[in-house]
Number of protein chains: 2
Amino acid sequence: MKDGDGPGDGDPDGDGDGCGVLPGSIRPGGRTARVRASVLRAAGDALAEHGFAGLDLADVASRAQVGRTTVYRRWGSAGALVADLLVDMAEQSLARSRTGSLLGDLKENARLVQRTLVDPRQGPLFRAILAAAATDDSTARALRRFYEIRVAEWAGCVDDAVERGEIPAGTDAREVVRAVSAPLYYRLLTTAEPPDETAANRAAEGAFVAAHAGVYLRVRPGAPQPGAVGDPEPAGEHEVGR
Amino acid sequence: MKDGDGPGDGDPDGDGDGCGVLPGSIRPGGRTARVRASVLRAAGDALAEHGFAGLDLADVASRAQVGRTTVYRRWGSAGALVADLLVDMAEQSLARSRTGSLLGDLKENARLVQRTLVDPRQGPLFRAILAAAATDDSTARALRRFYEIRVAEWAGCVDDAVERGEIPAGTDAREVVRAVSAPLYYRLLTTAEPPDETAANRAAEGAFVAAHAGVYLRVRPGAPQPGAVGDPEPAGEHEVGR
DNA sequence: GCCTTAACGGAACTTCCATCCCCTTAGCGG
DNA sequence: CCGCTAAGGGGATGGAAGTTCCGTTAAGGC
């Protein structure tokens, strides 16, 4: 939790012109920083427990041991509060792994995502945040930035794999990373069982095999053939497979 | 829109024991059916326009030209209303395609999902429904049933492909179908651009290649090798590829 | 076609959440 | 260390969302 960064995109002034100075931006030290840390922590707890619809700003305030007025003045709405929480979460992103093989890195990523989604606190928290983003526009923007950062971090694994000749040059690295996360989130949202380790491995292997077959090439060739989607030697000098 | 089926899992009586007869179950004909159809239609419109958080039952009532009391009595809450809407949507599921090849069928499915998600009405509606399900428990149950039905319908394509020898026997058909939808939903929720046709093709091809490589086998062999994930001849007599 | 009563509908009522007012606390420049 | 004022806190206020009451309409059995 860093000092000195104000809330997200909300406009608690309500005048819409953004000219009024946001509370917390002039004296960001001491108490102001403590209040922000405390409120964001409380907001995360409340979201994990009651979901976005059940998010009561008065409850957040009392959990954080600050006045209700303070929460309303600095964040203004539940959506803006979640957006600021996402800014805070984005700053705490973990570094990607470097196992030496793409499949190894993708599996590390998949397990990280999977463990996050089944975590008793983080899982419900992510569900709640996704709900908030589907509802509130400023939250949606913060969520996109959050995933942009995470995806860009792990895309390095894919670029490294291209250099090693594991997968074809011209592969859209971010698409590969997204292909790993997607099945895990889909399962979280549409089935009763949260993703398990098997699901994580399948997600990583699926993305790996598809990347290897050239499915995520930025310039896409014609329809793939069974067993040789996108051609076994699509665009580069790499002699894997066979 | 069928007559005779009451609301979802909500308990508008509020007594919690479920013994009180639900409104609409004794005289489901004429007016009652008209009211349900009209309210569900209005709820869908309102959801698509304002999202789940902006769903006002009074607004739904006036759109549907029924009394507010009626909506509260028969559905009781926004979540229960969305749950009933999902029951209605599940009944209108379209039949799967039969192009003769797995890749062709998966592409048809991917395009169907993609077109739904970018549709001016359906896209926002699905976003709103996902938000509702992440928040409300009865909605989540209805959503799971909805996808169970859809996935089961398209799983037939995968089973046919196994019989044709396109992919290994023992493949988890529903996992393959989910693998097609997942990237499209993930993109809808976490990026600014809704999925396009390229994304749909990638989703279908990725699932196809992974299925062919044995990633979705119910009994999973050891870690896959590059170019031969799950073994080129995993479990059956099929001579595709090479 | 009549009767019973399920289901609908309008309006008053209650509750809860966001906002406003004004006083208190404490960050930060001098 | 002092003073100015940004930021926080408690309580009152206004309004919107949900609930209840009771009269009205029409479904379905005879």
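Located above this text is the structure these notes cover.
Residues numbered from 1 in each chain as written. Chains lettered and ligands numbered in written order. Predicted model: local features only at pLDDT ≥ 70, side-chain atom pairs only at ≥ 80, totals over all residues. Heavy atoms only, no water.

Q: Looking at this model, I keep getting lost on the overall build of chain A. Mind explaining?
A: When helices and strands are counted, chain A shows nine helices and zero strands. Here chain A holds 242 residues, and the buried ones make up 49% of them. In chain A, once contacts between residues fewer than 6 apart in sequence are set aside, the share between residues at least 24 apart is 68%. (Helix = DSSP H or I, 4+ residues; strand = E, 2+ residues; numbered from the N terminus. Buried < 20%, exposed > 50% of the residue type's maximum accessible area, 1.4 Å probe, protein only. Contact = heavy atoms within 4.5 Å.)

Q: Honestly, helix α1 (residues 30-50) of chain A in this entry has me stumped. Any pointers?
A: Within an α-helix, residues lying three or four positions from one another point in the same direction, as the helix has 3.6 residues per turn. Residue and element names in this part refer to chain A. For α1, with 21 residues, the first-to-last C-alpha span of 30 Å sits near the 30 Å given by 1.5 Å per residue. Of the surrounding secondary structure, the elements contacted by the buried residues of α1 are α2 (57-64), α3 (68-74), α4 (78-91) and α6 (122-135). Just downstream of α1, Gly51 is the residue with a positive phi angle, here 75°. (Expected span 1.5 Å × (residues − 1).)

Q: Looking at this model, I keep getting lost on the interface of chain A and chain B. Mind explaining?
A: Bring the parts together and some accessible area is lost; that lost area is often taken as the interface size. On the side of chain B, 46 residues touch chain A, which itself brings 46 residues to the contact. Between chain A and chain B, a total of about 4,100 Å² is buried, with carbon and sulfur atoms accounting for 68% of that surface. By the criterion of area lost to chain B, the three top residues of chain A are Tyr186, Arg202 and Arg220 of chain A, representing 18% of everything that side buries. On inspection of chain A and its partner chain B, the count reaches four salt bridges. Residue Glu205 of chain B is joined to Arg220 of chain A by a salt bridge in which the shortest nitrogen-to-oxygen separation is 2.9 Å. Across the contact surface, chain A and chain B share six residue pairs in polar contact (both at pLDDT 80 or more). Elements that contribute at least two residues to the side of chain A that touches chain B include exactly α5 (102-118), α6, α7 (137-164), α8 (173-190) and α9 (197-212) of chain A. Residue classes in the side of chain A that touches chain B are distributed as 24 nonpolar, 10 polar and 12 charged. (Buried area = accessible area lost by both parts, 1.4 Å probe. Salt bridge = Lys/Arg side-chain N within 4 Å of Asp/Glu carboxyl O. Polar contact = N/O pair within 3.5 Å; in protein donor to acceptor, adjacent residues only side chain to side chain. Nonpolar A, V, L, I, M, F, W, Y, C, P; charged D, E, K, R; others polar.)

Q: Any chance you could explain the pattern of salt bridges here in plain terms?
A: For side chains bearing opposite charge, pairing can occur when the charged atoms are close. Tallying each qualifying case throughout the model produces 28 salt bridges over all chains. Salt-bridge contacts for Arg41 of chain B lead to Asp45 of chain B; the nearest nitrogen and oxygen are separated by 3.8 Å. Here Arg41 of chain B pairs with Asp45 of chain B, and both are found in helix α1 (residues 30-50), just four residues apart, close to one helical turn. Because the salt bridges share partners, they merge into one network encompassing Arg36, Asp84 and Asp88 of chain A.

Q: Sorry, what's going on with the protein's contact with DNA strand D here?
A: Around DNA strand D sit 23 residues in total, of which Gly67, Thr69, Thr70 and Arg73 of chain A together with Tyr72 of chain B are the nearest. The contact atoms of DNA strand D, taken as those within 4 Å of the protein, divide so that sugar and phosphate hold 60%. A distance of 2.8 Å is found between a base oxygen of DNA strand D and a side-chain nitrogen or oxygen belonging to Thr69 of chain A. When residues of the surface near DNA strand D are traced back to their parent elements, those giving at least two are α1 and α3 of chain A together with α1 and α3 (68-74) of chain B. Looking at the surface near DNA strand D, the element that brings in the most residues is α3 of chain A, giving four residues. Taken together, the residues of the surface near DNA strand D sort by class into six nonpolar, nine polar and eight charged. (Near = heavy atom within 4 Å.)

Q: Where do I start with the side chain of Glu175 of chain B in this structure?
A: Within the secondary structure layout, Glu175 of chain B lies in helix α8 (residues 173-190). If we skip the residues at most four places from it in the chain, Glu175 of chain B touches Arg187 and Arg202 of chain A together with Tyr216 of chain B.

Q: Whenever I open this one, the relation of the copies chain A and chain B confuses me. Can you help?
A: In this structure, two copies of a chain are linked by a rotation about an axis accompanied by a shift along it. Expressed as a screw transformation, the operator carrying chain A onto chain B has a rotation angle of 180° and an axial translation of 0.0 Å, and the superposed copies differ by an RMSD of 0.1 Å. On the angle and the small slide along the axis, the relation comes out as a two-fold axis. When C-alpha distances to the rotation axis are compared across chain A, the minimum falls at Ala131 of chain A, with a value of 2.0 Å. By residue overlap, the copies meet face to face through one surface: 100% of the interface positions of chain A are interface positions in chain B. (Least-squares fit on C-alpha atoms with pLDDT ≥ 70 in both.)

Q: Please clarify how empty space enclosed by the protein should be interpreted in this entry.
A: Take a probe with the size of a water molecule and roll it over the atoms, and the empty space left behind shows itself. Enumeration according to the criterion identifies nine cavities of 30 Å³ or more in this entry. Computed from the structure, the largest cavity encloses a volume of approximately 250 Å³. Contributing to the lining of the largest cavity are 22 residues, with Ala179, Pro183 and Ala203 of chain A together with Ala179 and Tyr216 of chain B lying nearest its centre. Looking at the lining of the largest cavity, the elements that each hand over two or more residues are α8 and α9 of chain A together with α8 and α9 (197-212) of chain B. Ranked by residue count, the leading element in the lining of the largest cavity is α9 of chain A, at six residues. For the lining of the largest cavity, a count of residues per class yields 15 nonpolar, two polar and five charged. Taken together, 16 residues line the second largest cavity, and the ones lying closest to its centre are Asn109, Val113, Arg150, Trp154 and Ser181 of chain A. Broken down by secondary-structure element, the contributors of at least two residues to the lining of the second largest cavity are α5, α7 and α8 of chain A. With five residues, α7 of chain A is the largest single contributor of residues to the lining of the second largest cavity. Tallied by class, the residues present in the lining of the second largest cavity amount to 10 nonpolar, four polar and two charged. (1 Å grid on protein atoms, 1.4 Å probe; cavity = no way out; pocket = protein on both sides within 12 Å on 5 of 7 lines; lining within 4 Å. Points joined across faces, edges and corners; volume = space filled by probe spheres on them.)

Q: Honestly, the layout of surface pockets in this entry has me stumped. Any pointers?
A: Residues and elements named next belong to chain B. By volume, the second largest pocket amounts to about 580 Å³. Forming the boundary of the second largest pocket are 28 residues, of which Met89, Gln92, Gln122, Phe126 and Arg150 lie nearest the centre. Looking at the lining of the second largest pocket residue by residue, the class counts come to 16 nonpolar, seven polar and five charged.

Q: Whenever I open this one, the side chain of Asp105 of chain B confuses me. Can you help?
A: All names here are of chain B. Secondary-structure assignment places Asp105 in helix α5 (residues 102-118). Buried within the structure, Asp105 lacks any salt-bridge partner; its nearest side chain of opposite charge belongs to Arg164, at an N-O separation of 4.6 Å. Excluding its chain neighbours within four sequence positions, the residues that come into contact with Asp105 are Ser97, Arg98, Thr99, Gly100, Trp154 and Cys157. (Lys, Arg positive; Asp, Glu negative; His and termini not counted.)

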